[in-house]
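What the coordinates show
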Amino acid sequence: MALILFLARRLFYAAILVIAVLILSFLLIRLAPGDPVDTLAGQMGGMTEEIRTDLRREYGLDKPTLAQLGIYLERFASGNLGYSYFFNLPVLSLILQRLPATLLLVLTALVAAVVSGTTLGVLASRRPNGLLSQFITVISVIGYSAPVFWTGMLLIILFASVLPILPVSGMTAAAVSGGWLLDSLDVAHHLVLPALSLAVVYLAQYSRLTRASMLDVLGSDYVRTARAKGLEERKVFFKHAFRNAVLPIITIVGLQFGNLLAGAIVVETVFNWPGLGRLAFDSVLRRDYPTLLGLLFFSSLLVIVANQLVDVCYRLADPRIKAS
Amino acid sequence: MRRAIAALITTLAVAATATASAQEPRRGGTLVMGQSTGTTSFNNAVGSGTGIMVPGAQIFASPVMHDDKWNPKPYLAESWELSPDALSMTLHLRKDAIFHDGKPVTSEDVAFSILTIRDNHPFNTMLAPVERVDTPDATTAIIRLKHPHPALLYAMGPPLMPILPKHIYGDGRPIKTHPNNSRDVVGSGPFRLVEFKPGDQIVLERFDRFFIKDRPYLDRIILKTYPDSQTSILELEAGRLLLQPFFNRVLELDRAKANPQLVITNEGYAAVGGINWLLFNNKRKPFDDVRVRQAFAYAIDRDFIVKALHKGLSKVATGPIHSGFPQYSPDVTKYSLNLKKAEELLDAAGLKKGPDGIRLKVTCDYYPGDEDGQKRLAEYMKPALKRVGIEVEVRAPADFAAWAKRMATKDFDISMDAAFAWGDPVIGVNRTYLSTNIRPLVFTNNAQYENPRVDELLNAAGREPDEAKRKLLYGEFQKIVTADLPLFWLTELPYHTIYNKRVHNPPTTIWGTASPMLDVWLSDK
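Residues numbered from 1 in each chain as written. Chains lettered and ligands numbered in written order. Predicted model: local features only at pLDDT ≥ 70, side-chain atom pairs only at ≥ 80, totals over all residues. Heavy atoms only, no water.

1. Digging into unusual backbone geometry
Selection rule: Only runs of H or I of at least four residues qualify as helices and only runs of E of at least two qualify as strands under DSSP, and these elements are numbered from the N terminus. Three exposure classes are used, based on accessible area relative to the maximum for each residue type with a 1.4 Å probe and protein chains only: buried under 20%, partly exposed in between, and exposed over 50%.
The residue after B:R215, namely B:P216, is reached through a cis peptide bond having omega -10°. Within the secondary structure, B:P216 is located in the loop between β9 (201–206) and β10 (220–225). The residue after B:K285, namely B:P286, is reached through a cis peptide bond having omega -5°. Along the chain, the position of B:P286 falls in the loop between β13 (275–280) and α8 (290–299). We note that A:R287 has phi near 55°; this positive angle belongs to a residue other than glycine. Its location among the elements puts A:R287 in the loop between α11 (276–286) and α12 (289–317). By relative accessible area, A:R287 is classed as buried at 4%. Here B:Q448, not a glycine, exhibits a phi torsion of approximately 60°, which is positive. Within the secondary structure, B:Q448 is located in the loop between α14 (430–433) and α15 (452–463).

And the structure:
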């Protein structure tokens, strides 16, 4: 019962948040100079005034901004995200077509970063001043301070010219389907570099955080008690210390999910990965308002879902949270 | 000895047949092509741009094609004739052409397509003189014109006149947003659309019932989107990408030149006719003074631009018409670097140097998205014009929409700009110089140039059926504008096709890859 109430409350807040995101982004997008019809005109190499007026009317751009917002929200409420100005496809189908690519990239990077980051952090915490720990610190600082696009470009140079074993662009090879298994392998092959460059930043953060958190916990009273009881060091380390040390990491993972999506825009652009990020980048340049708003809606939805999952994880990791 | 000679002869003969068979066109294979701008629609009846025209020309067939010498060739139309008064063009269509859904191509479809293009295509001058299209029988279409329109023969080519099936696109839904523009596209061209992932890839498959026997050679064309030119080069070098058209990044072209497996060519862009220029805001002081505009022309070193900035891959543009066009005239006012003359002209215009050596401060915009054709040239203006006391501030636009707005509202001093002629001056040249085309829109007469004689010449030339007389009219036009200099032409854009040696018969007609790839074939090496 408490859980249902909790979820209902969360859902209510989430709905308010989504609407606020939509209104805010709708108004912000319009602050950018130029409008979609001008961009269309440019892409087509010219346009007459009649066509321009027609298009503006068709897209509802001739109405005042607030009226447009009203129309948009009304349509949104009935589940219609509108049509992309540029693709003439429903925004929903455009986004759904690209969502899997982004989810694959982001989740792979996230899992890779969390798993290897915490492992490295735990290893480093065993001998805080050891060689491995120093090495991890150095790697983390580099990983954290290097911009994602730069890491990506360096990886491209390395794996395109020096050691050409990994594809540096796109999600699939330019070929027709070779069956389920071959296609998956092809995608996995293409996934390595983008996921790696996205993961490196977060890996650095997680390993630093885990190390600090582990050191903190290892110094606490209950660990000393556990050791005093004569428990096996491995048990102390993983069962008593690690489970407690992992809480801040869950927090950060949840908080950073939004950043991860933002990072995906850059990585997708650098590696030509056909996901939501590239679509967002192109849509900004084209002032494709409906697509952009649809994307922002989906991104806020993803962030909200991620945060709900984090809360659930908390409850699993720490029984005390469930009790309170 | 005799045996040795016999062996030698056999070897030679074998080698000779091997070479011969290597040159023999072969069926099959997948041509992977790159594109820098993603495709948003395939219906080139209502949109232009390479993203639409290149795949559109594979999916839809047009009444005629053109070779590399501007000659029209039969395509959907077996033959055609212009009436003596040049007011009606009769097309005799093939009887065996069918659409991808199996329905025959008839004169009804041709009439429907022509009127659709006339009313919706962004190049509104292209078919504006068409009054109606008569269809006396299923394979005859007569285009009735309000006045003679020699550009028509080029407007009937693959990138500009796709023949749409009326039974699909004529269903009453608005054509510009018709769902079949990007899904389940039906044409009668050599390839049909089987997959479209916007921004990623397009898969076109050979249409087995295409009306030209034994064509195309290719089984499949895959168009991959590479927004970043460096990625396309890497993919070309890796042999994964086989042909990249409309490529104009000079550093990467230079790099491709050094690769023994790659070939670069600038053939296949004649009708595209891209020229970049420095646009003056003729309505704003001091650019309303022709001496000031000419001074700019004398202070800019176009040879330096071509040799150093474009590594010799472009060509100096001497006037408003691309040198690949039949209407081009070299008999124009020419400008070359002459700093002294530039300073004299500026002095005469009353722009004296101040104590700091500066006589004029201007802002320079540029059309974003073309690094070598635009941005670097805008940056070059700064040191070049500094030499004659003009201080240039380059106003980098955030993106296309931001620049387009400055052009539409005429909020600029000077700007880098470019345009494409698309087959005939009437289609792509007139718009920049006609005083009737001064509009609050990008890619119009944004110099706001007004010369009644130029208007008269362009309008007369557009209606002149006699090719020789037409050339004279355009000759006078080129002479006048190069003297008036509403804008200063810099280079013909360095468009190239880069292709792997496995690709044979790369498209080099006047429309290049924006025409059907019937003869392209692939070998193993």
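Next comes the rest of the account.
2. Things to note about the sheet that holds strand β17 (residues 414–419) of chain B
Residues and elements named next belong to chain B. Stated formally: One requirement defines pairing of two strands: DSSP has to find at least two bridges between them. Any pair of residues with heavy atoms lying within 4.5 Å of one another is described as a contacting pair. To get an axis, fit a line to the C-alpha atoms, keeping to the stretch in contact for a helix; angles then go from 0 to 180 degrees between the N-to-C directions.
Strand order in this open sheet of six strands is β14-β18-β13-β17-β15-β16, and the pairing throughout is mixed. Taken across any chain shown, the strands that pair with only one partner, and hence form the sheet edges, are β14 (315–316) and β16 (390–394). Taken together, the six bridges between β13 and β17 define a ladder with antiparallel strand orientation. When the sheet's bridge partners are listed, L278 is paired in β17 with M416. Contacts from helix α9 (residues 302–309) reach β14 and β18 (487–492) within the one sheet, and its direction differs from that of β18 by about 30°.

3. What to know about empty space enclosed by the protein
Residues and elements named next belong to chain B. Going by this rule: Put simply, the grid is 1 Å and covers the protein atoms alone, a cavity is a trapped set of points that fit a 1.4 Å probe, a pocket is an open set with protein on both sides within 12 Å along at least five of seven lines, and lining residues have an atom within 4 Å of a point. Grid points are joined across faces, edges and corners, and a volume is the space filled by probe spheres set on the points.
Counted by the stated rule, this structure contains three cavities of 30 Å³ or more. When its volume is computed, the second largest cavity comes out at roughly 90 Å³. Along its surface, the second largest cavity is lined by 13 residues, and G273, P320, A419, G428 and V429 are the ones closest to its centre. Broken down by secondary-structure element, the contributors of at least two residues to the lining of the second largest cavity are β13 and α14.

4. Quick look at helix α3 (residues 49–58) of chain A
Within an α-helix, residues lying three or four positions from one another point in the same direction, as the helix has 3.6 residues per turn. Residue and element names in this part refer to chain A. The test is simple: Here the arc refers to the set of directions running from the helix axis out to each C-beta atom.
Buried residues of α3: I51, R52 and L55, and no others. Down the axis of α3, the smallest arc covering the buried residues is 100°, so these residues share one side. In α3, the exposed residues that point more than 90 degrees away from the buried face are E50 and R57. After α3 finishes, the residue G60 shows a positive phi value of roughly 75°.

5. Re helix α12 (residues 400–408) of chain B
Residues and elements named next belong to chain B. Counting buried positions along α12 gives seven out of nine residues, so the element sits mostly inside the fold. When we look at burial in α12, the residues that qualify are F400, A401, A402, W403, A404, M407 and A408. The first or second residue beyond α12 is K410, which carries a positive phi of 55°.

6. Observations concerning the packing of α11(A) against α12(A)
When two helices pack together, their arrangement is given by the angle between the helix axes and by the axis-to-axis distance. Residue and element names in this part refer to chain A. What counts is decided by this rule: If you view the pair so one helix is near and one far, a crossing is left-handed when the near helix is turned anticlockwise from the far one by less than a right angle, and right-handed when it is turned clockwise. Each residue is assigned to one of three groups, with Ala, Val, Leu, Ile, Met, Phe, Trp, Tyr, Cys and Pro labelled nonpolar, Asp, Glu, Lys and Arg labelled charged, and all others, Gly among them, labelled polar.
In the contact formed by α11 and α12, the axes pass within 9 Å of each other and the chain directions differ by 145°. Where α11 crosses over α12, the handedness of that crossing is left-handed. Together, L276, L279, A280, S283 and V284 of α11 and T291, L292 and L295 of α12 make up the contact between the two elements. By residue class, the composition of the contact of α11 with α12 is six nonpolar, two polar and no charged.

7. Some details on the packing of aromatic side chains
Any aromatic ring pair is given by two values, namely how distant the centres are and how the planes are angled relative to each other. This is how the line gets drawn: Stacked, edge-to-face and tilted labels apply to pairs of Phe, Tyr and Trp rings (six-membered ring for Trp) whose centres lie within 6.5 Å, assigned for plane angles under 30 degrees, over 60, and everything in between, in that order. Each ring is checked for a lysine NZ or an arginine CZ that lies within 6 Å of its centre and within 35 degrees of its normal; such an atom marks a charge sitting over the ring.
Summed over all chains, the structure comprises 36 aromatic pairs over all chains. With centroids separated by 5.6 Å and ring planes inclined at 50°, the aromatic side chains of B:Y75 and B:F211 adopt a geometry described as tilted. Linking B:Y75 in the loop between β3 (72–74) and β4 (77–82) with B:F211 in the loop between β9 and β10, this pair joins segments that are 136 residues apart in sequence. In this structure B:F211 comes out as buried when scored by relative accessible area, which is 5%. Ring centres 5.9 Å apart and planes at 25° place the aromatic pair B:Y269 and B:Y495 in the stacked group. Of this pair, B:Y269 sits in the loop between β12 (262–265) and β13 while B:Y495 sits in the loop between β18 and β19 (496–500); the two residues are 226 residues apart in sequence, bridging distant segments of the chain. Given the relative accessible area of 14%, B:Y495 is considered buried. Here the aromatic cluster, defined as three or more aromatic residues joined through ring pairs, consists of B:F123, B:F246, B:Y269, B:F420, B:W422, B:Y495 and B:W511. Here the basic side chain of A:R30 rests over the ring of A:F26, its NZ or CZ set 4.0 Å away from the ring centre. Looking at A:R126, its charged tip hangs above the ring of A:F237, at a distance of 4.7 Å from the centre.

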